[in-house]
Amino acid sequence: MKARSIDKNYAKKAGILTAVSLFAKVLGALYRIPLTNVIGAEGVGLYQLIFSIYALAIALTSSFNSTLISRGVSALVAIGEKDKARGYFSKAAAESFVSSLLIASLLFLFGESIARLQGAGGGGLGYRVIAPAVVLVSILTSLKGWFGGNLNLTPTAASIVIEQVVKLGAGIALAVLFRSRGVSAAAAAALGGVTLSEAAATFALVLTYFRRREKGRIESVSLRQIWKEGVPLRLNGLILPFSVFVDSLILIRLLSRFGLSGRSALSQYGIYSGAISSIVNFPVVLVISLAIAIIPLLSRAKATRDLTSLKEKSALTVKLTLAVSLPFSLALILLSRQAVRLLYPVFSVEEMRLASSLLAIGGGTVLFLSLTQIYGSLLQAVDRAEVATESLAIAMLVRVILLLILVPKIGAIGIALATLISYALATLLNVLKWVAYTGRAENAFKTLASLTASGAIMVSAILAPVLLFESAWISILVSAAVGSVAYLTAVFAFKVFSASELRQMGLKRAEKE
């Protein structure tokens, strides 16, 4: 009964975190949209080139930290070793802080050289502005891991809101203030908003940690153990940022081979990596929030050898992922033209045409990217991070090969197609390995068929608004309203979720015992 009560309370907090993360992603999308309209496709291209290296630095030093600490602390608390849990947190946080300080120093000192290597001279200022954020994020992710490991997701939710609100306000304000000084200054100013947002979120979590910290002994944990458990997570977390880093080195040159000038190539890169990726990644935040929430519960179930709970929670997580990502995927495919017209009026006719095509292809990517993320998190939670790493590495290698073949022939469309195919491959590999480890989920094919039918009903419902209304606003609003009702009605009519699953999600009252 106690375990059930803990799970129920945690599920409520996980639901709050998911809702907050969705709100934060809305703010994030709102940030990218006006940013693109303020500094243009070329400015966003430069911003994304610098941000790709920043993301790689975070992956090297701390992005894995939240999962590592959350998983380790949760498992130790579950078996009553709180002193060791404190030691685990302290040692992992210290290691991350030292490595982040080293990488941040390199970015600050050699940023201009990195920018020239990317074919984007003048980006050195942006690297100096973003470098402190690398250190701040190491502290932030460590604290998120500590709170998550103790099944307290409220501080993480609060930090997400603070982070996005500050980035939106400060980033846009600084970009507007400095845009008259040129593309390089405007992009650097926007990156300054990122640094300020990480500073605000870190300050808030540090205050919360010291106010809520329980006094107790800190039992030393071997640094070798931290490294051993962290290496698979670090490698897995490195693959996507490293892929983006490779993009930043080769895509401008590949687009030039397609026949574009340097500025046009940078603009197309900006459209894909900034304007379109921000929309494609929007629904994926729900899955990431779900992953953050589920890892401690699965680690707890594994530590206590509760295999029934592990299978039930993982199956429900995958089902929720499909139920959320599928309608978003279909909607982006059908409404790509209207979405681009509405969100990016600053684009030229040619840029809008390209962006619409990229977004339609990206709609398909939503489904596979979501599944790749969730299966990767499930494998990490049961100490199979190296399996997820292997699948993603193979998929990203295939992506690079496809980029080299497609981009010189069809331009930026080749980037979108290569990304779609690679995530489909990563999903397939992860599913096969998860099934080999846990066995096939009960009613898996029935669930897939029911959700596919629900998606088809949604598509039928929104075809009329898409075809009839010329106004992008009206078309999107009517489609969203009609499509949501049709999809949710179909999901419940086909009984995609069982009564027990609805109770776990708080959508049905528990029966009196």
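Because the structure is predicted, anything quoted here is derived from the model rather than measured.

The rules we used
- Residues numbered from 1 in each chain as written.
- Predicted model: local features only at pLDDT ≥ 70, side-chain atom pairs only at ≥ 80, totals over all residues.
- Heavy atoms only, no water.
- Helix = DSSP H or I, 4+ residues; strand = E, 2+ residues; numbered from the N terminus.
- Buried < 20%, exposed > 50% of the residue type's maximum accessible area, 1.4 Å probe, protein only.
- Contact = heavy atoms within 4.5 Å.
- Areas by Shrake-Rupley, 256 points an atom, 1.4 Å probe, with all protein chains shown as cover.
- Axes fitted to C-alpha atoms, helices over the stretch in contact; angles between N-to-C directions.
- Parallel < 35°, antiparallel > 145°, perpendicular 65-115°, else oblique.
- Nonpolar A, V, L, I, M, F, W, Y, C, P; charged D, E, K, R; others polar.
- Core = buried A, V, L, I, M, F, W, Y, C linked by side-chain atoms within 4.5 Å.
- Left-handed = near helix turned anticlockwise from the far one by under 90°.
- Salt bridge = Lys/Arg side-chain N within 4 Å of Asp/Glu carboxyl O.
- pLDDT = per-residue confidence, 0-100.
- Expected span 1.5 Å × (residues − 1).
- Bend = angle between axes of the 7 residues up to and from the residue.

## Focus on the overall build of the protein chain
When its secondary structure is counted, the protein chain shows 17 helices and zero strands. Taking all 513 residues of the protein chain together, the buried fraction comes to 53%. Look at the contacts in the protein chain between residues 6 or more apart in sequence, and 82% of them connect residues 24 or more apart. Only carbon and sulfur atoms are counted for the fraction: they give 67% of the accessible area of the protein chain, which is about 22500 Å².

## Describing the packing of helix H12 (residues 349-381) against helix H13 (residues 385-410)
Two elements in contact, H12 and H13, have axes whose closest approach is 7 Å; the angle formed by their N-to-C orientations is 150°. What the angle tells us is that H12 and H13 run roughly antiparallel. Contact residues: H12 offers Thr372, Gly376, Leu379 and Gln380, while H13 offers Ala385, Val387, Ala388 and Leu392. For the contact of H12 with H13, the per-class residue count stands at five nonpolar, three polar and no charged.

## Digging into the nonpolar core
Grouped together as the largest cluster of nonpolar side chains are 37 residues, with contacts concentrated most on Ile271, Ile276, Phe347, Leu358 and Leu359. When residues no more than four places from it in sequence are discounted, the contact partners of leucine 358 are Ile271, Tyr272, Ile276, Ala412, Ile413 and Ala416. If you look at the next biggest cluster of nonpolar residues, it comprises 34 residues, including Ala131, Val135, Ala187 and Val194.

## A short note on unusual backbone geometry
Excluding glycine, residues mostly carry a negative phi; peptide bonds, for their part, are mostly trans. Here lysine 495, not a glycine, exhibits a phi torsion of approximately 55°, which is positive. Looking at where lysine 495 falls in the secondary structure, it is placed in the loop between helix H16 (472-493) and helix H17 (499-504). By relative accessible area, which is 63% here, lysine 495 ends up exposed.

## Quick word on the packing of helix H7 (residues 223-257) against helix H8 (residues 262-280)
Running from amino to carboxyl end, H7 crosses H8 at an angle of 125°, the nearest separation of the two axes being 9 Å. Considering their axes alone, H7 and H8 lie oblique with respect to each other. Crossing of H7 against H8: the hand is right-handed. Contacts between H7 and H8 involve Asp247, Ser248, Leu251, Ile252, Leu255 and Ser256 from the first element and Ala265, Leu266, Gln268 and Tyr269 from the second. When the residues that make up the contact of H7 with H8 are grouped by side-chain class, the tally is six nonpolar, three polar and one charged.

## Points about the pattern of salt bridges
Taken as a whole and judged by the stated rule, the model has three salt bridges. The closest approach of N and O atoms between aspartate 83 and arginine 86, which form a salt bridge, is 2.7 Å. Separated by three residues within a single helix, aspartate 83 and arginine 86 lie in helix H3 (residues 82-117), roughly one turn from each other. Residue arginine 86 is classed as buried on the basis of its relative accessible area, which comes to 12%. Among the salt bridges present, the one from aspartate 247 reaches arginine 399, with a minimum N-O distance of 2.9 Å. One end of the pair, aspartate 247, is in helix H7; the other, arginine 399, is in helix H13, with 152 residues separating them in the sequence. For arginine 399, a relative accessible area of 4% translates into the label buried.

## Some words on the confidence of the model for the protein chain
Across the protein chain, the average pLDDT comes to 82, with 86% of residues at or above 70. This stretch, residues 1-6, has a pLDDT under 50; its non-local contacts, to residues over four places away or in other chains, come to four contacts. In the predicted structure, residues 509-513 sits below a pLDDT of 50 and forms five contacts with residues beyond four places in sequence or in another chain.

## A closer look at helix H15 (residues 444-468)
End to end, H15 covers 37 Å across 25 residues, agreeing with the expected 36 Å (1.5 Å per residue, within 8%). Along H15, the sharpest change in direction is near 35° and occurs at isoleucine 462; proline proline 465 comes one to four residues later. All of the buried residues along H15 are Thr447, Ser450, Leu451, Ser454, Gly455, Met458, Ile462, Pro465 and Val466.

## So, the environment of leucine 358
For leucine 358, the position within the fold is in helix H12. You can call leucine 358 buried: its relative accessible area is 1%.

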